[in-house]
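Close look at the chain arrangement
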Amino acid sequence: MARKMLIAGNWKMNCLTADGTTLAKEIARQVKENKFDCEFLVCPPFTLLAMVKKCLRGAKVALGAQDVHFADKGAHTGDISPYMLADLGCKYVIIGHSERRTDHGESNELIEKKVVAAHNVGLTTVICIGETLEERENGRTIQVCQNEIFGSVPEDATAKNTVIAYEPIWAIGTGKTPTAADVEEVHAAVRKALAKKLGRSTAEKIRILYGGSVKPSNAKEFLALPDVDGALIGGASLKADDFIEIAKNAPKLK
Ligand code: 13P
């Protein structure tokens, strides 16, 4: 089965009502006006989900959140449940981003719990993995990424409910990127780990995105790689023109 490319924007902790509205409307306008072969996803902060949903009306851009709690509801002050995200019209949720693994001490076990909870309400999860600079320098990249796959991807994962994002931590927001050959090597190894865990046929269908300093000037090279099925974009997703320009570099199918 062919994999359709996914171009995803992670707005992180950015945008207030005014600039978030402008950004979402501009993305919607450009997606409507052009013909794209890829799918689009934007993940604004919780505070803007409802507003961005309105701005995206009529445009083929899915809405996603950046985190979720594993419980359906209850005494979890400050947290957001999978039901709440589904209720708002979210189709996706990013889980286990390195910034959450670091800032909030999220473990593979917790991430897997969140993923299962999200799947149970019909959300598609974008599970993030990736190595630190130290791990890369010690030649542990493949091992670290495969361990994160084994630890945080649940048995119920399918191509429909799961997307993987490989984001080398040292490439996030730094302007530095691995070489194309390095990215392909990791993606192929991640697919191998998925095959071991979920079976070959499921692994062949699951999309694996690359993230970390993706911009219009390097998108083509990464998106052309055989095992790269899209991009998870931080900084460049905050500029509609850059986000759309990256999407224009996405091949039709893998
Ligand atoms: P940058 O594109 O800003 O490097 O961020 C990548 C990222 O962390 C997306 O989740």
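Source: prediction; values computed, not measured.

Right, let's talk about the site of the ligand for a bit. By nearness alone, 13 residues border the ligand, and Lys12, His97, Gly173, Ser213 and Gly235 come closest of all. A distance of 2.9 Å separates an oxygen atom of the ligand from a polar atom in the side chain of glutamate 167. A distance of 2.8 Å separates an oxygen atom of the ligand from a polar atom in the backbone of glycine 235. For the ligand, the protein covers 94% of the area, taking 310 Å² as the surface of the free molecule. For the shell around the ligand, the per-class residue count stands at four nonpolar, seven polar and two charged.

Of note, the phi angle at lysine 12 is positive, near 55°, even though the residue is not glycine. With respect to the secondary-structure elements, lysine 12 resides in the loop between strand E1 (6–10) and helix H1 (17–33). Even without glycine at this site, cysteine 15 takes up a positive phi of about 85°. Relative to the elements of secondary structure, cysteine 15 occurs in the loop between E1 and H1. By relative accessible area, which is 17% here, cysteine 15 ends up buried.

Glancing now at the pairing of strand E4 (residues 92–95). Looking along a regular strand, one sees side chains alternate from face to face of the sheet. Along E4, one buried face is formed by Tyr92 and Ile94 and the opposite face, lined by Val93 and Ile95, is buried too. Judged from the two bridges that link them, strand E3 (residues 61–65) and E4 form a sheet pairing that is parallel. Bridging from a neighbouring strand, alanine 65 pairs with valine 93 of E4. As for the winding sense of the linkage, the β-α-β connection from E3 through helix H3 (residues 82–87) to E4 is right-handed.

Okay, the packing of helix H7 (residues 141–152) against helix H8 (residues 180–198) next. Packing of H7 against H8 brings their axes to within 9 Å, and their N-to-C directions diverge by 35°. You can see that H7 and H8 cross each other, and the crossing is right-handed. On the side of H7, the interface is formed by Thr141, Ile142, Cys145, Gln146, Ile149 and Phe150, while H8 contributes Glu185, Val186, Ala189, Val190, Lys192, Ala193, Leu194, Lys196 and Lys197. Its residues placed into classes, the contact of H7 with H8 shows nine nonpolar, two polar and four charged.

For the rest of this paragraph, the subject is the packing of helix H5 (residues 108–120) against H7. For the pair H5 and H7, the least separation of the axes is 8 Å and the interaxial angle reads 50°. Classed by the angle they form, the pair H5 and H7 counts as oblique. Facing H5, whose interface residues are Asn108, Glu109, Ile111, Glu112 and Val115, H7 presents Asn147, Glu148, Gly151 and Ser152.

Our focus in this paragraph is a positive patch on the surface. Taken together, the side chains of Lys4, Lys35, Lys60 and Lys252 define a basic patch exposed on the protein surface. With respect to the helices and strands, lysine 35 occurs in the loop between H1 and strand E2 (39–43).

Further remarks concern the packing of aromatic side chains. Under the defined criterion, the tally for this structure stands at four aromatic pairs. Arranged with centres 5.0 Å apart and planes meeting at 90°, the rings of phenylalanine 36 and phenylalanine 40 form a pair that is edge-to-face. Owing to a relative accessible area of 15%, phenylalanine 36 belongs among the buried residues under this scheme. Accessibility expressed as a relative area gives 3% for phenylalanine 40, which makes it buried. Ring centres of tyrosine 210 and phenylalanine 222 lie 4.8 Å apart, and the angle between their planes is 35°; on these two criteria the pair is classed as tilted. Here phenylalanine 222 lies in helix H10 (residues 216–223) and tyrosine 210 lies in strand E7 (residues 207–211), a separation of twelve residues in the sequence.

Conventions and cut-offs
Residues numbered from 1 in each chain as written. Predicted model: local features only at pLDDT ≥ 70, side-chain atom pairs only at ≥ 80, totals over all residues. Heavy atoms only, no water. Near = heavy atom within 4 Å. Polar contact = N/O pair within 3.5 Å; in protein donor to acceptor, adjacent residues only side chain to side chain. Areas by Shrake-Rupley, 256 points an atom, 1.4 Å probe, with all protein chains shown as cover. Nonpolar A, V, L, I, M, F, W, Y, C, P; charged D, E, K, R; others polar. Helix = DSSP H or I, 4+ residues; strand = E, 2+ residues; numbered from the N terminus. Buried < 20%, exposed > 50% of the residue type's maximum accessible area, 1.4 Å probe, protein only. Pairing = 2+ DSSP bridges. Right-handed = clockwise from strand over helix to strand, strands pointing away. Axes fitted to C-alpha atoms, helices over the stretch in contact; angles between N-to-C directions. Left-handed = near helix turned anticlockwise from the far one by under 90°. Contact = heavy atoms within 4.5 Å. Parallel < 35°, antiparallel > 145°, perpendicular 65-115°, else oblique. Patch = residues over 30% accessible without salt bridge, like charges linked within 9 Å, V, L, I, M, F, W, Y side chains within 5 Å. Salt bridge = Lys/Arg side-chain N within 4 Å of Asp/Glu carboxyl O. Lys, Arg positive; Asp, Glu negative; His and termini not counted. Charge placed at Lys NZ, Arg CZ, Asp CG, Glu CD. Phe/Tyr/Trp six-rings, centres within 6.5 Å; stacked < 30°, edge-to-face > 60°.

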